[in-house]
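This is what each chain is made of:
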Amino acid sequence: MPTPRPPTSRQAPLQHLPFLFKSIHRPSSSPTTNPIRLLKKSADTKNLKIGKVIHAHLITSSQASKNCDVFQTTSLINLYAKCDEISTARQLFDQMSERNIVSWSALMAGYLQNGLALEVLGLFKKMVSVDNLRPNEYVLATALSSCSISGRVEEGKQCHGYVLKSGLVFHQYVKNALVHMYSRCSDLEGAMQVLNTLPGYDVFSYNSVMDGLMELGYLKEALEVFGRMVGECNAWDNVTYRTLFGLSARLKDLKFGMHVHGQMLKSDLECDVFVGSAIIDMYGKCGNVLNARKVFDGLQNRNVVSWTALMAAYFQNGYFEEALHLLSKMELEDIMPNEYTFAVLLNSSAGLSALRLGDLLHACVEKSGFKDHTIVRNALVIMYSKTGNIKAANKVFTDMIYRDTVTWNAMISGYSHHGLGKEALIVFQDMLAAGVYPNYVTFVGVLAACAHLGLVREGLYYLNQLMKQMGVEPGLEHYTCIVGLLSRAGLLDEAKNFMRSAPVKWDVIAWRTLLNACHVHRNYGLGKQVAESVIFMDPHDVGTYVLLSNMYAKERRWDGVVKIRKLMRERNIKKEPGVSWLEIRNITHVFVSEDNKHPESSQIYEKVGELLAKIKPLGYVPNIASVLHDMEDEQKEDCVSYHSEKLAIAYGLLKTPSEAPIRVIKNLRMCDDCHSAAKLISKVTNRVIIVRDVNRFHHFQDGCCSCADYW
DNA sequence: CTAGGGTTAG
């Protein structure tokens, strides 16, 4: 949706030009009117038009002496370099018969500005070897900066040598450029060495080092450097604040962040868009959306980044609708979304499982000119996979030319969530073949895939060998995957022993994994033990009470069921109502178990009855064991018959064309009864039914589910 | 001639 932009930079009106000519022609040129000064002025103001006029004039009246020519041409180089006509600058430079150090530095600065760092370093080498010139502070700062942006430590160290030789180590700019170079090239020992051996560093050096440390994830160390800074330098600037907000965000340390914020308010530093966005980001990442909003509302000028930061704050805290809602408000202020904005929006629609909205955003992205940005493509993969359309996710993935770690991880874990373990492992192999290094997240997806496929040996090999080989430290999530892997394969004792022996502090999730396995494998003895300990760890885990009561029921131990029910009453634990929803055209229809609030309720109930009647001959038996209320079996059967996902599936069948897959989202774990019903319904209706429950996707097709009945 | 804001995979 590109709208024409109003002209922002005003060109100098043409009627001013005769005046310029006059001043050039004036016989004894005063300092303000000589052409070199005018060239500098037009370079500084990036006014190429006037600069070219002066250039033309110089050509037509070329009476200049040779020495004057060096200065003039250098000024012209500077002009073209600053005005982004670097090739013109280069032509002039190459035609010079004689050059001084300023000619070199002007051209180098131009290349640096255009991001052509390697060109700068090439020039630097030529300058010292061919022209035998000694680099000055300008050339050194430019060369060092080129090393910084291109990550060339080796060249940076050579520059360091020149710095020492020239005696410019004490020059503030050069020193800072040196510290910055080492920080950006991830050579923090180098940076610290410069910082420690030389006296007199300023905000700039500290900012650089803290930034470098943060980039590498050394958050504690950055905090230490900050402590040193507090003692030695109190002139904090915008960049310092931005860095500190970034640090508190990454540490998720709200207290520290608020402290810095308070400090900033006390100082009379003006809060620019950069710092403003950093504060919003900090509050968002520290979980305080309200403050993020407050800061945003207080900003005098906002740009795309401020808006995107606020959307991200909402997104990160689960307020997906609010994040999406901000788009139209932003556009009302005439601010266009960019690739980051689209990434947040897509992730928000993924969070809602809003397929229709995601499709819509995809269309916007295609039109926007940001469609080929990796972050946007990644967000598309995530969005399609989370909204249940794994095929579309893979389409986006395969069409991508450049893929980063996040891309591969998104596809691997996407497949894993959908129970497509084989596909996940193939993508993983491709990732290794492409030379991309797997990280922590990659292996979570890979191990989950192994668990789905029951590949015990492979899983253990990945954990014990490959991860070490790849330099990835296994964490709780990986160990939990192993628990899942073992118990899914029916090796419950091994899983239990693994939990006993592995050097980790297990959380409820791990125990619940084992518990679930006991339930599926009908090992109720161990299951009850595990459930007791889960309840001990988290007395409000409703799902566990339900499972425990289920297990008692399956053993026909009604005393146990009664005990659990009593316990739940005493602890005031209520079963969260089951809610399912699905999108039809662009409306989301929400169903709550056994409620008849939907306007077409009677048709839906009728349809459910019809479906259940159709699948009963195929072996469907209502599973009423999970019903916790006191009632007759017949009532219990009614109860499970009208679970929210059954209502949603029935509605989907009523309202969508016969070839379309039905996509349902449910807030809880899918129950046994609905699971077996859905399998048979997919068979008798010949439809693909995709249900996303709290943990995973179930693809029902032709009487089978992708989770292979283990979830 | 030295720096910098936002996003994501579990």
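Residues numbered from 1 in each chain as written. Chains lettered and ligands numbered in written order. Predicted model: local features only at pLDDT ≥ 70, side-chain atom pairs only at ≥ 80, totals over all residues. Heavy atoms only, no water.

Identification of chain A as DYW domain-containing protein from Carpinus fangiana is taken from an unreviewed UniProt entry. Of the comments in the UniProt record for chain A, the one headed Sequence similarities (unreviewed entry) reads "Belongs to the PPR family. PCMP-H subfamily." (UniProt positions renumbered as here; feature names shortened; annotations may be inferred.)

Engineer: Explanation requested: the environment of Ser580 in the structure shown.
Structural biologist: Its location among the elements puts Ser580 in strand S1 (residues 579–584). A sequence separation of 113 residues divides Ser580 from Asp693, and the C-alpha atoms of the two residues are 8.9 Å apart. Filtering out sequence-adjacent residues up to four positions away, Ser580 remains in contact with His589, Val590, Phe591, Ser644, Glu645, Ala648, Val664, Ile665 and Lys666. (Helix = DSSP H or I, 4+ residues; strand = E, 2+ residues; numbered from the N terminus. Contact = heavy atoms within 4.5 Å.)

Engineer: Before we go on, may I ask you to explain the pattern of salt bridges in this structure?
Structural biologist: Side-chain pairs of opposite charge can arise whenever the charged atoms involved come near each other. The tally for this structure, following the rule as stated, stands at 24 salt bridges. For Arg90, the salt bridge is made with Asp94, and the minimal N-O distance between the two is 3.3 Å. In this pair, Arg90 and Asp94 are both assigned in helix H5 (residues 86–95), four residues apart and thus about one turn of the helix distant. You can call Asp94 partly exposed: its relative accessible area is 45%. We note a salt bridge from Arg228 to Glu232, for which the minimum N-O separation is 3.9 Å. One end of the pair, Arg228, and the other, Glu232, are both in helix H13 (residues 219–232), four residues apart, so they sit about a helical turn from each other. Overall, Arg228 belongs to the partly exposed group, its relative accessible area being 26%. Taking relative accessible area as the criterion, Glu232 reaches 46% and is therefore assigned partly exposed. One continuous salt-bridge network, built from bridges that share partners, spans Arg90, Asp94 and Glu119. (Salt bridge = Lys/Arg side-chain N within 4 Å of Asp/Glu carboxyl O. Buried < 20%, exposed > 50% of the residue type's maximum accessible area, 1.4 Å probe, protein only.)

Engineer: What's the story with the state of the cysteines in this structure? I'm lost.
Structural biologist: Note on terminology: disulfide describes a covalent bond linking the sulfur atoms of two cysteines. Evaluated as defined, the whole model comprises zero disulfides. Of the cysteine sulfurs around Cys147, a residue in no disulfide, the closest is that of Cys159, at 4.2 Å. Since its relative accessible area comes to 0%, Cys147 is described here as buried. (Disulfide = S-S within 2.5 Å.)

Engineer: Looking at this structure, how should I read the packing of helix H6 (residues 101–113) against helix H8 (residues 137–150)?
Structural biologist: To describe two helices that pack against each other, one gives the angle between their axes and the distance between the axes. Orientation of H6 relative to H8, taken along the N-to-C sense of each, is 25°, at an axis distance of 9 Å. What the angle tells us is that H6 and H8 run roughly parallel. Crossing hand, H6 versus H8: left-handed. Every residue of H8 that contacts H6 at Ile101, Ser105, Met108, Ala109 and Leu112 is listed here: Val139, Thr142, Ser145, Ser146 and Ile149. The residue makeup of the contact of H6 with H8, split by class, is six nonpolar, four polar and no charged. (Axes fitted to C-alpha atoms, helices over the stretch in contact; angles between N-to-C directions. Parallel < 35°, antiparallel > 145°, perpendicular 65-115°, else oblique. Left-handed = near helix turned anticlockwise from the far one by under 90°. Nonpolar A, V, L, I, M, F, W, Y, C, P; charged D, E, K, R; others polar.)

Engineer: Teacher, can you tell me more about the side chain of Ser353 here?
Structural biologist: Assignment of secondary structure puts Ser353 in the loop between helix H20 (339–352) and helix H21 (355–368). A polar side-chain atom of Ser353 sits 3.4 Å from the main-chain carbonyl oxygen of Lys386. Look past the residues within four positions of Ser353 in its chain and what remains in contact with it is Lys386, Thr387, Glu583, Ile665 and Arg692. (Polar contact = N/O pair within 3.5 Å; in protein donor to acceptor, adjacent residues only side chain to side chain.)

Engineer: Which parts of the structure should I look at to understand the protein's contact with DNA strand B?
Structural biologist: With respect to spatial proximity, 45 residues lie near DNA strand B, and among them Arg184, Asn303, Phe315, Asn338 and Val406 are the closest. Between a base oxygen of DNA strand B and a main-chain N or O atom of Glu137, the distance comes to 3.3 Å. In terms of residue class, the surface near DNA strand B is built from 18 nonpolar, 17 polar and ten charged. (Near = heavy atom within 4 Å.)

Engineer: Looking at this structure, I do not really get the environment of Ile401. What am I missing?
Structural biologist: Locating Ile401 in the fold gives a position in the loop between helix H23 (390–399) and helix H24 (405–417). Here the alpha-carbon distance between Ile401 and Val427, two residues 26 residues apart in the chain, equals 15 Å.

Engineer: Honestly, the UniProt feature "repeat: PPR" (unreviewed entry) in chain A in this entry has me stumped. Any pointers?
Structural biologist: UniProt records the feature "repeat: PPR" (unreviewed entry) for residues 69–103, 202–232, 303–337, 404–438 and 541–575 in the present numbering. Here residues 69–103 runs as 77% helix and 0% strand, with 11 Å between its end C-alpha atoms. Across residues 541–575, helical content stands at 74% and strand content at 0%; the span's end C-alpha atoms are separated by 10 Å.

Engineer: Where do I start with the packing of helix H22 (residues 374–386) against H23 in this structure?
Structural biologist: For the pair H22 and H23, interaxial distance at closest approach is 7 Å and the crossing angle is 165°. It follows from the interaxial angle that H22 and H23 lie roughly antiparallel. Relative to H23, H22 is oriented so that their crossing is left-handed. Seen from H22, the contacting residues are Arg377, Leu380, Val381, Tyr384 and Ser385; seen from H23, they are Ile390, Ala392, Ala393, Val396 and Phe397. Residue composition of the contact of H22 with H23, by class: eight nonpolar, one polar and one charged.

Engineer: Would you mind showing me how to read the sheet that holds S1 here?
Structural biologist: An order of S2-S1-S3-S4-S5-S6 is seen for the six strands of this open sheet, with the pairing classed as mixed. The open sheet terminates on both sides in strands that have one partner only, identified here as strand S2 (587–592) and strand S6 (704–705). With two bridges joining them, S1 and strand S3 (residues 662–666) adopt antiparallel strand pairing. Bridging across to S3, Trp581 finds its partner in Ile665. (Pairing = 2+ DSSP bridges.)

Engineer: Is there a simple way to think about the packing of aromatic side chains in this case?
Structural biologist: For any pair of aromatic rings, geometry is given as the distance between the ring centres together with the angle between the planes. In total, this model carries 18 aromatic pairs according to the counting rule given. Arranged with centres 5.6 Å apart and planes meeting at 55°, the rings of Phe591 and Tyr651 form a pair that is tilted. Of this pair, Phe591 sits in strand S2 while Tyr651 is found in helix H36 (residues 644–655), placing the two residues 60 residues apart along the sequence. Grouping residues by exposure puts Phe591 and Tyr651 together as buried. Look at Tyr605 and Tyr642: their rings are 4.4 Å apart centre to centre, the planes differ by 25°, and that puts the pair in the stacked class. Taken together, the residues Tyr605 in helix H34 (residues 601–615) and Tyr642 in the loop between helix H35 (633–641) and H36 connect sequence positions 37 residues apart. Through successive ring pairs, a cluster of aromatic residues spans Phe226, Trp236, Tyr241, Phe245 and Phe256. Geometry around Phe296 places Arg302 over its ring, the cationic atom sitting 4.5 Å from the centre. (Phe/Tyr/Trp six-rings, centres within 6.5 Å; stacked < 30°, edge-to-face > 60°. Lys NZ or Arg CZ within 6 Å of the ring centre and 35° of its normal.)

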